[in-house]
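So the chains spell out like this:
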Amino acid sequence: MLCRAALSCRGSTHERSLLSRVRTTVSSHFTYVPAQRHSRQLSNIPFMTMPLIRSHGKPFAHRSELKHAKRIVVKLGSAVVTRGDECGLALGRLASIVEQVSVLQNQGREMMIVTSGAVAFGKQRLRHEILLSQSVRQALHSGQNQLKDMQVPVLEARACAAAGQSGLMALYEAMFTQYSICAAQILVTNLDFHDEQKRRNLNGTLHELLRMNIVPIINTNDAVVPPPEPNSDLQGVNVISIKDNDSLAARLAVEMKADLIIVLSDVGGLFDSPPGSDDAKLIDIFYPGDQQSVTFGTKSRVGMGGMEAKVKAALWALQGGTSVVIANGTHPKISGHVITDIVEGKKVGTFFSEVKPAGPTVEQQAEMARTGGRNLSTLRPEQRAEIIFHLADLLTDHRDEILAGNRKDMEEAEEKGLRQIAASSQDSVGRVIRRTRIAKELELEQVTVPIGVLLVIFESRPDCLPQVSALAIASGNGLLLKGGKEASNSNQILYRLTQEALSIHGVKDAIQLVNTREDVEDLCRLNKLIDLIIPRGSSQLVRDIQNAAKGIPVMGHSEGICHVYVDSEASVEKVTRIVRDSKCEYPAACNAMETLLIHRDVLRTPLFDQIIDMLRVEQVKIHAGPKFASYLTFSPSEVKSLRSEYGDLECCIEVVDGVEDAIEHIHKYGSSHTDAIITENGATAEYFLQHVDSACVFWNSSTRFSDGYRFGLGAEVGISTARIHARGPVGIEGLLTTKWLLRGENHVVSDFSEQGSMKYLHENIPVPQRGGPAAKIQADHGQSRPHLVSGIIKQSLC
């Protein structure tokens, strides 16, 4: 029989003893039923966790389901395990792969490896032996001078495989032993699948090894394998010629009812054109029937099968009920976690699926937003304003539909300022910031332009969608919107109306609503398509996005630890009103007060008593800062951290010695969001305003004013605590950058050299005041019902 199995835990007494203990433990917890799925009890095996149970049937439809894969085949191509010189093995990559397989095996999954590498390993060994033999003979008969002329003969592949297979298995044995995992070697040929008795024997052997928690390592028996059968490869579910390890992995996976095959090669997956060409794009999800859209390149530098063979094998396995992912196993930045990333459902390589979504992929949406955004930016200002006015009218006209969808999703949100955004958008894109006459007939302009494509991620408030869409339209940016599932019905309706408004000037694709099942983390990897990410939501959401972003700037704030400082010269009437509004008006907001700083002279005064009484009436839970607690015999619970963002009717009270001490406290414990001072001393107030380094600093005003709508921006896309680009509430201006336009007349730099004929002038040119038809559009679209849109959303969602 050509199917040969050998346990790799043979050898030392310790290894045999370990295998015996594993067998005993496994046997006591397993009841084996041949050719059926079974659940393993692994609680007594070290480093094991309970495995996921899945009945084999249809392949997984989405990447996110791959984490449920129980039985997994990992196929290692020759380019993955072989060194660049095709002689010997890439030991570092192989060790990393073994580690990842061991991690998954110790999670309770059933792992199998289909490996190449015997020919390369044998080639290395035979070349070494031949060179050694030749050097000895030539040294004896020809002298040292001819050693440099030695030539290594061409080595026959079957001989290399015979010489390399034992060494390859010994290497796997040594690596898996480091993780207390046993492995078994199995060599197969076509006969082992086409002969019914041999096929049953192979099936039984593999099931027995998996039952015993042993990793089978399978390879074609290249020392004796016959040539592939012509015209019989991949002709149906029951016919497949084992001509390479791609077809072997597919046949084996279907035979063993595996949930997933991970095919690792030297390319990142399947591309729509040969990898390396300028316009080649990685195909994220590949569907049966899409082959005609792909142009295959040449085969790998080593190995039998190229990408076309991999795709055929993958589709054959998919037809048999096994999911497939083809990914890069050689890239040094990803090979160390590529297998575990795939099983976790991350967007790695090409995923083969039978389920084709109704809409475009995330990448396609991003490209559409890029193209649509560029078209949007070329519209005249009045056209962009007209789109926003039309959107406002649509929201009003579809009042009942919006309310119906809204009742399914949420109870609270606001819609503000669309018409104001439209009116103020006239001088946004293309506004000249400065003009300079560089030299005679050479003039330079700095003008505002869109950033490009924005990705705005918001949680459960659907009012974000029309607000952010209007800001993107006004600033000429493409937009990807990713909303929370809690507001999906409202978002779908609002998005449809937004696209209807965009359609009046043919820029429908500029805004895309992403409804992907994949993690937001996958969106954060599209650094070639997305220019800025703006998360709107909890501090945890912002932190998660900042950690996930791969080369894309993130504009936002991770926390909203806002302070109100009550000075010794504060007005009694103003303090209670401002503190109440800052803390109690909407305690969950990022601009709500979290820490109340009180001048020590205010303690034990009627003002202090009024503050405490007001907070008690409003049912605000008080936490005492260290200094405040030291003043009291019986104090509230001492605060665990002065950097706490409560987001509820809770706050910390701390005592400071004066304005300098308050500023020092804010800089040490604040988040640079919004901080306020209450005082009647103008000099103290100005000192506070100038020295507090936060995005928003207020005097005798509630911190809740930190908002784009309240600032007169019409709406805000978010609040930024960064110190570059936009800061504070971000409206249209924060979504623009600039570019330089130089208009000359046959000018060259050499003319301005010491011997040249021209001199630099660098004269400032007055910037023209740009007018626009805003008033006419406002009259046509907005005067008849200027507040209805806000009223509808506010009435229904708040």
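Calculation criteria
Residues numbered from 1 in each chain as written. Predicted model: local features only at pLDDT ≥ 70, side-chain atom pairs only at ≥ 80, totals over all residues. Heavy atoms only, no water. Helix = DSSP H or I, 4+ residues; strand = E, 2+ residues; numbered from the N terminus. Buried < 20%, exposed > 50% of the residue type's maximum accessible area, 1.4 Å probe, protein only. Contact = heavy atoms within 4.5 Å. Areas by Shrake-Rupley, 256 points an atom, 1.4 Å probe, with all protein chains shown as cover. Axes fitted to C-alpha atoms, helices over the stretch in contact; angles between N-to-C directions. Parallel < 35°, antiparallel > 145°, perpendicular 65-115°, else oblique. Left-handed = near helix turned anticlockwise from the far one by under 90°. Pairing = 2+ DSSP bridges. Core = buried A, V, L, I, M, F, W, Y, C linked by side-chain atoms within 4.5 Å. Nonpolar A, V, L, I, M, F, W, Y, C, P; charged D, E, K, R; others polar. Phe/Tyr/Trp six-rings, centres within 6.5 Å; stacked < 30°, edge-to-face > 60°. Expected span 1.5 Å × (residues − 1). Polar contact = N/O pair within 3.5 Å; in protein donor to acceptor, adjacent residues only side chain to side chain.

Chemist: If you had to explain the overall build of the chain to someone new, which residues and values would you point to?
Modeler: Helices and strands together make up the secondary structure of the chain, namely 25 helices and 25 strands. For the chain, with 798 residues in total, the buried portion stands at 52%. Across the chain, every contact between residues at least 6 apart in sequence was considered, and the portion connecting residues at least 24 apart equals 75%. Accessible surface for the chain amounts to roughly 35,800 Å². Of this, 50% is attributable to carbon and sulfur atoms.

Chemist: Can you explain the packing of helix α12 (residues 381-397) against helix α15 (residues 464-475)? Please cite residues and give values.
Modeler: For the pair α12 and α15, interaxial distance at closest approach is 9 Å and the crossing angle is 160 degrees. In terms of axis orientation, α12 runs roughly antiparallel to α15. Here α12 runs over α15; the crossing is right-handed. Contact with α12, carried on its side by R384, I387, I388 and L395, involves P466, A470, I473 and A474 of α15 and no other residues of that element.

Chemist: How would you sum up the pairing of strand β8 (residues 323-328)? Please name residues and give values.
Modeler: Summarising burial for β8: six of the six residues are buried, a large majority. Where burial is concerned, the two faces of β8 agree: the one with S323, V325 and A327 and the one with V324, I326 and N328 are both buried. When strand β6 (residues 260-265) meets β8, the two strands line up parallel, connected through six bridges. The partner of I261 across the bridge, within β8, is V324.

Chemist: Go over the sheet that holds strand β16 (residues 562-566) with me, naming the residues and quoting the values.
Modeler: Ordered by their spatial adjacency, six strands build an open sheet running β18-β19-β17-β16-β20-β21, and the pairing between neighbours is parallel. Here the strands that pair on one side only, and so sit at the sheet edges, are β18 (621-624) and β21 (696-699). Strand-to-strand twist across the sheet, computed as the mean angle between neighbouring axes with direction ignored, equals 20 degrees. Packed on one face of the sheet, helix α22 (residues 659-669) meets β16, β17 (593-599), β19 (650-656) and β20 (674-678) and runs near 170 degrees to β16.

Chemist: Lay out the pairing of β16 with the relevant residues and their values.
Modeler: With five of its five residues buried, β16 lies for the most part within the structure. Of the two faces of β16, both are covered, the one formed by C562, V564 and V566 as well as the one formed by H563 and Y565. As paired elements, β16 and β17 share five bridges and run parallel to each other. Its bridge partner lying in β17, V564 is registered against L596.

Chemist: An account of the nonpolar core is needed here, citing residue identities and associated values.
Modeler: Of all hydrophobic cores here, the largest spans 45 residues; its most connected members are I387, V456, L479, L481, M555, V717 and L735. Among the elements of the structure, α12, α14 (418-424), β12 (453-458), α15, β13 (478-482), α16 (488-502), β14 (511-513) and β15 (532-536) are those that each provide at least two residues to this core. In terms of residue count, α15 provides more of this core than any other element does, eight residues in total. Here V456 is in contact with V468, L479, L480, L481, K482, I534, R536 and V717, once residues within four sequence places are set aside. Core analysis: the second largest hydrophobic core is formed by 41 residues, L89, A118, F121 and A327 among them.

Chemist: Lay out the packing of helix α3 (residues 91-105) against helix α5 (residues 157-177) in plain terms, naming residues and giving numbers.
Modeler: Packing of α3 against α5 leaves a shortest axis separation of 10 Å and a crossing angle of 50 degrees. Classed by the angle they form, the pair α3 and α5 counts as oblique. Once α3 is placed against α5, the crossing between them reads as right-handed. In this structure, α3 contributes L91, L94, A95, V98, V101 and S102 to the contact, and α5 contributes L171, Y172, M175 and F176. Its residues assigned to classes, the contact of α3 with α5 shows nine nonpolar, one polar and no charged.

Chemist: So what's going on with the packing of aromatic side chains? Which residues, and what values?
Modeler: All told, the structure shown has six aromatic pairs when counted by the stated rule. With 6.4 Å between their ring centres and 20 degrees between their planes, Y565 and F688 make a pair best called stacked. Of this pair, Y565 sits in strand β16 while F688 is found in helix α23 (residues 682-691), placing the two residues 123 residues apart along the sequence. For F688, a relative accessible area of 0% corresponds to the buried category. Each ring, one from F752 and one from Y760, has its centre 4.3 Å from the other, and the planes form 20 degrees; the classification is stacked.

Chemist: An account of α15 is requested, with residue identities and associated values reported.
Modeler: The periodicity of an α-helix, 3.6 residues per turn, causes residues three or four places apart in sequence to face the same way. A rise of 1.5 Å per residue sets the reference length of α15, with its 12 residues, at 16 Å; its end C-alpha atoms lie 16 Å apart and thus fit the reference within 8%. Most of α15 is tucked away: 12 of the 12 residues are buried. G476, located one to two residues past α15, shows a positive phi value of around 75 degrees.

Chemist: Quick one: what's the story with the sheet that holds β12, residue by residue and with numbers?
Modeler: With parallel pairing, the four strands of this open sheet are ordered in space as β14-β13-β12-β15. Two strands in the sheet have a free side with no partner beyond their single neighbour: β14 and β15. Averaged over neighbouring strand pairs, the angle between their axes works out to 15 degrees when direction is ignored. Sheet topology note: the β12/β15 ladder contains five bridges and is parallel. What sits directly across from L455, in β15, is I533. Against the sheet, helix α11 (residues 362-378) makes contact with β12, β13 and β14, and its axis sits at roughly 145 degrees relative to β13, the strand it touches most. Each of β12 and β14 is contacted by α16, which is oriented at about 160 degrees to β14, the strand it contacts most.

Chemist: Mind laying out the side chain of T703, listing which residues take part and the relevant values?
Modeler: Position of T703 among the secondary structure elements: in the loop between β21 and β22 (718-720). On the basis of relative accessible area, T703 is assigned to the buried category, the value being 0%. A distance of 2.7 Å separates a polar side-chain atom of T703 from the backbone oxygen of N591. Sequence-distant contacts of T703, defined by excluding residues within four places in its chain, comprise C562, H563, V564, S582, N591, A592, M593, T674, A676 and F698.

These values are about where atoms sit, not about what they do.
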